[in-house]
Amino acid sequence: MSTVEEVVAQDPVVARPPRLLARMMRQPQAKLGMVLTLVVMFLALAGPLLTPWLTGHTSTEFTGRPFTDIGIFGTDNLGRDVFSRFLDGGLRLIVYAALATALGMVVGVAVGMTAAYSGGRVDALIMRGNDVLLALPQLVFALLAITVLGPQGWVLVVVIGITHAPRIARVTRSATAAVITEDYIRASEMYAVPKWKILLTEVLPNITGPLMVELGLRMTYSIGFVAALSFLGLGMQPPTADWGLMINESRIALVVQPWGVLLPVAAIAVLTVGTNLLTDSLARASADMNVGNKK
Amino acid sequence: MTTNTMDHDSVASALCATDVRVQTDAGVEILHGVSFTLQPGRILALVGESGSGKTTAGLACMGHFRQGLAKGTGTVHLGDGEMGNILELPAAQLRGLRGKTISYVPQDPALSLNPSMRIGEQITETLRVHRVGATDAERRLRVTEVLAEVGLANDPAYQRRYPHQLSGGQQQRVGIAMAFACRPSVIVLDEPTTGLDVTTQAVVLRTIDELAARHQVAGLYITHDLAVVAEIADEVAVMLEGDIVEHGATDQVLFAPQHSYTRRLLAAVPDLAGKRRVGQVEAITGEQPLIVPGPHGIPDSTSTTPLVDDAKLLPGTMPRTTPADTAAETTPLLRLRDLSLSYGQHKVLDGIDFQLREGESMMLLGESGSGKTTLSRCVAGLNDAYTGSIELFGEQLATGTRSRSSEDRRRIQYVFQSPFSSLNPRRTIAESVGVPLQMSGINDKHRRRMLVLEALDQVRLGERFMDRRPGDLSGGERQRAAIARALVNAPSLLVCDEITSALDVSVQASILDLLRTLQTDHNMSMLFVTHNIALARHISQRLAVLQKGKIVDFGTTDDVLNNPQHSYTQELLANVPAFD
């Protein structure tokens, strides 16, 4: 077992990223998607650092009366600076979404690969269990968990990650099923390579195409999900600045002070469109490569 | 050969292709001005290795270009030329032409027939689309007629079968019936017998030959198999990298080849008689010391001098001096006793007994479905569902690889059929080849790399291949890499499962060459599984013929080939296509 670390170090999971990414970035829509995503990401990541310095206020500081024009984009329902809150409100959303996606991917991929590789009864058991989870609406499950456990960050991440996992497991299972019939898997079995290592070094690198697409898709969903839960009051709690929460707080004065809603909505929309474009072109790039590989 | 064209149409050609050039979308020319004419009732064989452009040329005759290819230039005229240049026809007119005037028989009938449609209905559909026959009754009559022509039953019950209810050979004959149904003037056959075993192949070839002659159809037969060419073609055009390098009557091209490439290609074809020398190294059949075979399945441990050096020599080869230690060896390297395996009621392997000595090479011959791959996988431990015993050096092996000791795993190595599937596309050659070393506990990276390099040198790949990935390698190079993976641990027994069937003849020759060298240099035993009986004298000293999970003929290669005992072996031998 002393070879374990060595192997993992030797075989990075994504064996040929430059070529796949290069192919992806050749498409104009990928460039557009990249720009949109990066702009929002920059706002969200750098925003918290900029707040008092650029806008003169922190996100929770009262600057004036509610719904006035003070500052660049006015004030919100409690008289806080909208721009400051906007800059401060993206980071948590994106971090939570990313963590939830990562959790979902790890669990889903592990479960899906195990099911496909084991086959037979184990496969049936895992996938039927999966079906039960799939039958629960994601939102209802999330509402239930948050009501029971309270609206904390880790609960959000775990709940969203867990609800993603069965969907990712399905995709992984079908991608794995296509790969495990190949002779190189049989060759590894012949050399008695441990099963987990076969999955990690032989199977995983060959299903990165569909998985990358799934990753992008789940990231998009997670962003929407976190925002939606915050909007419903089950995600981030006041007085935290958060885009989802901002939409909820400011929607009562949409006509008087539209910026409180428009800014976060636009940011979420642009981010979602951007990641979708990226995912889409990634799907195309990976499909192209698969065609080229098949001979 | 010219006599049968003296009928009504001896001067007019059925199809005339002139200076056909095809480029890829990227602008690389892959067909450099190919010209040929097809005459009614005669078959032109387009011969070449993979990538030579033979299929591209064949499809160009029908005005079709595969994805990634730009439309070709040049002219293709049909018969009297009133249709104009096929390459410039609009798609609608081409559709009318294809299937009616020019028809096509693809390589794999299992993929070309619609699995959800009854075969009678499929043929009728072709007729209906091309408005052959005024009524459905008339068309049904034609279907009955063509099915009879290709030697299939033509009763309504048979016509109501689905493709999956037919064997591969029958499916291919349905494909041919469909191609002949509209009475085309030209038929393009793209390796129609490649996936079939020799017996079926012989039937299909005869059918094509008869039909072409009877209906005065001009045939373009695309193939890489020169032996098939000798059976069926009147003329041969040899293609090399998008050019026709030699063109002439079959007899002339095959027996008095002008171009050096044709000569090389011919030299690479293994022949049953073993007269031709495939590759650089002498055939091992007679060169190696041969052990007297005991009675079928019974170990001949009583024999004290198990060697004959002179009995099986080819003329002109010198007996090899036998190492003394080989003579002292009495336990066979591998012994199979009553090996059986069944899936439910179906017996895949039915009591297999044989043994293999050290340094000996045995061919396991059988058609698809005979259980030969299953047998070889049982030996390698990839299939652990068998009963009976497999002994290595007199010790019984555990059934599956995971329960075998690492030393046992090292001793038996298995090479897979398809080099396109046996190497992980995401790992470098060095990584793939290093896996067996890693699993037998060699953790030092430098040492491993040295051993990998050594193995790659043995298969003549060298250091520059180490960090490449399978996608950058040709089929032959990949198969060499796969063999290197098997050799890296210095095995005692190499199990080769149809390792040359996916490769071109010249590549096959070099692989055979390699295996022979390895066998003599390392005194390694080999179990060579194949359906190609013509390879027998080029690779093996012993021959076991497998039919329906039973060994029906067993003995030294020469014994079995010269004096086949079982009717199945006799039939196989009678159907081997050959050109001398």
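Note that the coordinates shown come from a computational prediction; the quantities given were computed from them, not determined experimentally.

*Asks:* Please provide a residue-by-residue account of the overall build of chain A, values included.
*Replies:* Regarding its fold elements, chain A presents 13 helices and 0 strands. Written out in order from the N terminus, the α and β elements of chain A read α-α-α-α-α-α-α-α-α-α-α-α-α. Relative to its full complement of 295 residues, chain A shows a buried share of 49%. Here the analysis covers contacts within chain A between residues at least 6 apart in sequence; of these, 72% occur between residues at least 24 apart.

*Asks:* Explain the sheet that holds strand E19 (residues 525-530) of chain B to me, and be specific about the residues and the numbers.
*Replies:* All names here are of chain B. Taken in spatial order, the 6 strands of this open sheet run E17-E18-E19-E14-E20-E21, and their pairing is mixed. Here the strands that pair on one side only, and so sit at the sheet edges, are strand E17 (412-415) and strand E21 (550-556). Averaged over all neighbouring strand pairs, the angle between strand axes comes to 15°, with direction disregarded. Pairing analysis gives 4 bridges linking E17 to strand E18 (residues 493-497), with the strands arranged parallel. Looking at E18, one finds that Tyr 414 is bridged to Val 495. Where helix H17 (residues 475-487) meets the sheet, its contacts fall on E17 and E18, and the angle it forms with E17 comes to roughly 170°.

*Asks:* Give a detailed account of helix H8 (residues 198-214) of chain B, specifying residues and quantitative values.
*Replies:* All names here are of chain B. Taking 1.5 Å per residue, 17 residues should reach 24 Å; H8 reaches 24 Å between its end C-alpha atoms and fits that length. Considered for burial, the residues of H8 that qualify are Val 198, Thr 199, Gln 201, Ala 202, Val 204, Leu 205, Thr 207, Ile 208, Leu 211 and Ala 212. Looking at the residues trailing H8, positive phi occurs at Gln 216, about 55°.

*Asks:* Any details on the sheet that holds strand E4 (residues 73-78) of chain B? Residues and values, ideally.
*Replies:* Residue and element names in this part refer to chain B. Strand order in this open sheet of 3 strands is E2-E1-E4, and the pairing throughout is antiparallel. Sheet topology places strand E2 (29-38) and E4 at the edges, where each strand pairs with a single neighbour. With strand direction ignored, the average angle separating the axes of adjacent strands in the sheet is 15°. In the sheet, strand E1 (residues 15-23) pairs with E4 via 5 bridges, with the strands oriented antiparallel.

*Asks:* Help me get a handle on the confidence of the model for chain B, residues and values and all.
*Replies:* Residues and elements named next belong to chain B. Considering every residue of chain B, the mean pLDDT works out to 80; 88% of them sit at 70 or more. In the model, residues 282-329 has pLDDT below 50 throughout and makes 77 contacts with residues more than four positions away in sequence or in other chains. For this predicted complex, the interface score ipTM comes out at 0.72, while the overall pTM is 0.73.

*Asks:* Give me the UniProt feature "domain: ABC transporter" (unreviewed entry) in chain B: which residues, what numbers.
*Replies:* All names here are of chain B. According to UniProt, the feature "domain: ABC transporter" (unreviewed entry) maps to residues 15-266 and 334-573 in the numbering used here. Spanning residues 15-266, this segment combines 39% helix with 23% strand, and its end C-alpha atoms are found 28 Å apart. Between the C-alpha atoms that bound residues 334-573 the distance is 28 Å, and the span itself is 37% helix and 26% strand.

*Asks:* If you had to explain the interface of chain B and chain A to someone new, which residues and values would you point to?
*Replies:* Listed by partner, the interface residues are 30 residues for chain B and 29 residues for chain A. Together chain B and chain A conceal approximately 2900 Å² of surface at their shared face, both sides included; 48% is due to carbon and sulfur atoms. Its largest share of buried area at the contact with chain A, chain B owes to B:Arg402, B:Arg426 and B:Met439, together 26% of the area lost on that side. In this assembly, chain B and chain A are joined by 2 salt bridges. In this structure, B:Arg377 and A:Asp183 form a salt bridge, with 3.9 Å as the shortest nitrogen-oxygen distance. Linking chain B with chain A are 12 residue pairs in polar contact (both at pLDDT 80 or more), by the criterion used here. Elements with a minimum of two residues in the side of chain B that touches chain A: helix H13 (372-380), E17, helix H15 (429-439), helix H16 (445-458) and H17 of chain B. Examining the composition of the side of chain B that touches chain A, we find that 5 residues originate from one element, H15(B), more than from any other. A breakdown of the residues in the side of chain B that touches chain A according to their chemical character gives 10 nonpolar, 9 polar and 11 charged.

*Asks:* Account for the environment of A:Ala165, with residues named and values stated.
*Replies:* Residues and elements named next belong to chain A. Position of Ala 165 among the secondary structure elements: in helix H8 (residues 153-179). Taking the C-alpha atoms as reference points, Ala 165 and Arg 284, 119 residues apart in sequence, are found 23 Å from one another. Dropping the residues within four chain positions of it, Ala 165 is found in contact with Gly 104, Val 107 and Gly 108.

*Asks:* Outline the pattern of salt bridges, supporting the account with residue identities and numerical values.
*Replies:* All names here are of chain B. According to the stated counting rule, one finds 32 salt bridges over all chains in the structure shown. One salt bridge in this structure joins Asp 136 and Arg 128, with 3.7 Å as the shortest N-O distance. On the accessibility criterion, Asp 136 (34% relative accessible area) is partly exposed. The partner of Asp 350 in a salt bridge is Lys 550, and the shortest N-O contact between them spans 3.3 Å. One end of the pair, Asp 350, is in strand E13 (residues 346-356); the other, Lys 550, is in strand E21, and 200 residues separate them in sequence. The class for Asp 350 is partly exposed, based on a relative accessible area of 22%. When its relative accessible area of 43% is taken as the criterion, Lys 550 is described as partly exposed.

*Asks:* Got a sec to walk through the side chain of A:Glu249? Specific residues and values, please.
*Replies:* Residues and elements named next belong to chain A. By secondary structure assignment, the location of Glu 249 is in helix H12 (residues 243-250). Judged by relative accessible area, Glu 249 falls into the buried class, the value being 13%. Beyond its immediate chain neighbours, meaning those up to four positions away, Glu 249 contacts Asp 76, Asn 77, Arg 80, Arg 85 and Pro 238.

*Asks:* Can you break down the state of the cysteines residue by residue, with the values?
*Replies:* Residue and element names in this part refer to chain B. Counting across every chain of the model gives 0 disulfides over all chains. Unpaired in this structure, Cys 16 has its nearest cysteine sulfur neighbour in Cys 61, at a distance of 10 Å. Cys 16 gets classed as partly exposed once you look at its relative accessible area, which sits at 24%. As a non-bridged cysteine, Cys 496 has Cys 378 as the owner of its nearest cysteine sulfur, 17 Å distant. Owing to a relative accessible area of 0%, Cys 496 belongs among the buried residues under this scheme.

*Asks:* Which residues make up the domain arrangement of chain B, and what are the values?
*Replies:* Domain annotation of chain B identifies domain 1 (1-101 + 187-196 + 222-267) and domain 2 (398-409 + 421-490). A separation of 41 Å is found between the C-alpha centroids of domain 1 of chain B and domain 2 of chain B.

*Asks:* Let's hear about the UniProt feature "transmembrane region" (unreviewed entry) in chain A: which residues, and what values?
*Replies:* Per the UniProt entry, the sites bearing "transmembrane region" (unreviewed entry) are residues 32-55, 93-119, 139-163, 219-236 and 256-279 of chain A in this numbering. Between the C-alpha atoms that bound residues 93-119 of chain A the distance is 38 Å, and the span itself is 96% helix and 0% strand.

*Asks:* I'd like to hear about unusual backbone geometry, residue by residue, with values.
*Replies:* Trans is the prevailing form of peptide bonds, just as negative phi is the prevailing case for residues other than glycine. Although it is not a glycine, A:Ala192 adopts a positive phi angle of roughly 55°. Turning to its location among the elements, A:Ala192 is positioned in the loop between helix H9 (183-190) and helix H10 (195-203). Looking at A:Ala192, the relative accessible area reads 13%, which means it is buried. A positive phi angle is found at B:Asn523, which is not glycine, with a value near 50°. Mapped onto the elements of the fold, B:Asn523 is located in the loop between helix H18 (505-522) and E19. On the accessibility criterion, B:Asn523 (31% relative accessible area) is partly exposed.

What counts, and where the lines are drawn
Residues numbered from 1 in each chain as written. Chains lettered and ligands numbered in written order. Predicted model: local features only at pLDDT ≥ 70, side-chain atom pairs only at ≥ 80, totals over all residues. Heavy atoms only, no water. Helix = DSSP H or I, 4+ residues; strand = E, 2+ residues; numbered from the N terminus. Buried < 20%, exposed > 50% of the residue type's maximum accessible area, 1.4 Å probe, protein only. Contact = heavy atoms within 4.5 Å. Pairing = 2+ DSSP bridges. Axes fitted to C-alpha atoms, helices over the stretch in contact; angles between N-to-C directions. Expected span 1.5 Å × (residues − 1). pLDDT = per-residue confidence, 0-100. UniProt positions renumbered as here; feature names shortened; annotations may be inferred. Buried area = accessible area lost by both parts, 1.4 Å probe. Salt bridge = Lys/Arg side-chain N within 4 Å of Asp/Glu carboxyl O. Polar contact = N/O pair within 3.5 Å; in protein donor to acceptor, adjacent residues only side chain to side chain. Nonpolar A, V, L, I, M, F, W, Y, C, P; charged D, E, K, R; others polar. Disulfide = S-S within 2.5 Å. Domains from an automatic or database assignment.

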